[in-house]
Amino acid sequence: SHGYAICGRIDADGQHPPAELRRLVAEVRAGRCDVAVGSRYLTGEDHEPHRYRIEGPRRLGTALVRRAMGTLLRRPFHDPMSGMWAVAANATELLTQPYTSTAPEVEALMRVNRAGLRLEELPVHMRPREHGESKLQGRKAVGIVLTVAGTLFHVLLKRPCCNVRP
């Protein structure tokens, strides 16, 4: 409603250093993408492998969601549950519509993909959570994995199975 050219978003759990958001905004501002998502798992310059470790059930849940989203997006996507985003004006309205699932980050990625917007994932540093709980725990984790799996199944049913002509 204010006509901003770019919007940035970070979760309120204290994990996201605001300085990292500047890099995402710069990617969008430079026109290299419509949506930039910060990844705690992606490696790159000044972003060494395994800098952010998760253990146990969260690790399994994250791996399942990552695999499902990679299939849905038809490319690897390392951090589909990231709460650090920068978006161009053409994506803002799409992403401000109410979410219907228990996994809004995943639903947002699907919206971006469905709209044909340019999506990039960039490595970022994240701190340990200062407050709140991860969604990938207990019943919430199962719900999110089922949401992603159900959505993937639904999308695959709509997709043609082959390029055979009658």
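Residues numbered from 1 in each chain as written. Predicted model: local features only at pLDDT ≥ 70, side-chain atom pairs only at ≥ 80, totals over all residues. Heavy atoms only, no water.

Overview of the nonpolar core
In this structure, V35, M69, W85 and L119 are the most contacted members of the largest nonpolar core, which totals 20 residues. Tallying contributions element by element places helix α4 (residues 104-114) first for this core, with 5 residues. If you look at the next biggest cluster of nonpolar residues, it comprises 12 residues, including L21, A88, L122 and M126. (Core = buried A, V, L, I, M, F, W, Y, C linked by side-chain atoms within 4.5 Å. Buried < 20%, exposed > 50% of the residue type's maximum accessible area, 1.4 Å probe, protein only. Helix = DSSP H or I, 4+ residues; strand = E, 2+ residues; numbered from the N terminus.)

A word on α4
The element α4 is largely enclosed, with a buried count of 8 among its 11 residues. Taken as a whole, α4 has its buried residues at E105, V106, E107, A108, L109, M110, R111 and V112. Positioned one or two residues after α4, G116 has a phi angle of 75°, which is positive.

Section: the side chain of R40
Secondary-structure assignment places R40 in the loop between β2 (35-39) and α2 (56-73). Exposure remark for R40: the relative accessible area of 6% places this residue in the buried category. Separated by 2.7 Å, the side chains of R40 and D79 make a polar contact. (Polar contact = N/O pair within 3.5 Å; in protein donor to acceptor, adjacent residues only side chain to side chain.)

Observations regarding the side chain of E107
Along the polypeptide, E107 turns up in helix α4. E107 gets classed as buried once you look at its relative accessible area, which sits at 10%. Contacts of E107, omitting those with residues within four sequence positions, involve P98, Y99, T100 and S101. (Contact = heavy atoms within 4.5 Å.)

Some thoughts on the pairing of strand β4 (residues 119-123)
Burial analysis of β4 places 4 of its 5 residues in the buried class, the great majority of the element. Pairing geometry for β2 and β4, over 5 bridges, is parallel. Looking at β4, one finds that G38 is bridged to L122. (Pairing = 2+ DSSP bridges.)

Things to note about the packing of aromatic side chains
Summed over the entire model, instances satisfying the criterion amount to 0 aromatic pairs. In this structure, R66 is placed above the aromatic ring of Y41, and the distance from its NZ or CZ to the ring centre is 4.7 Å. Cation over ring: R111 sits above Y99, and NZ or CZ is 4.0 Å from the ring centre. (Phe/Tyr/Trp six-rings, centres within 6.5 Å; stacked < 30°, edge-to-face > 60°. Lys NZ or Arg CZ within 6 Å of the ring centre and 35° of its normal.)

Digging into the sheet that holds strand β1 (residues 6-9)
Two pairing modes exist for strands in a sheet, parallel and antiparallel, and in both the strands are linked by backbone hydrogen bonds. Spatially, β1-β3-β2-β4 is the arrangement adopted by the 4 strands of the open sheet, whose pairing is mixed. Strand pairing shows two members of the sheet lacking a second neighbour, β1 and β4, which therefore form its edges. On average, each strand axis in the sheet is inclined to that of its neighbour by 20°, with strand direction left out of account. Running over the sheet, helix α3 (residues 89-96) touches β1, β2 and β3 (85-88) and is turned about 115° from β3. Across the face of the sheet, α4 comes into contact with β1, β2, β3 and β4 while running at roughly 30° to β3. (Axes fitted to C-alpha atoms, helices over the stretch in contact; angles between N-to-C directions.)

As far as function goes, none of this settles anything; it's purely spatial.
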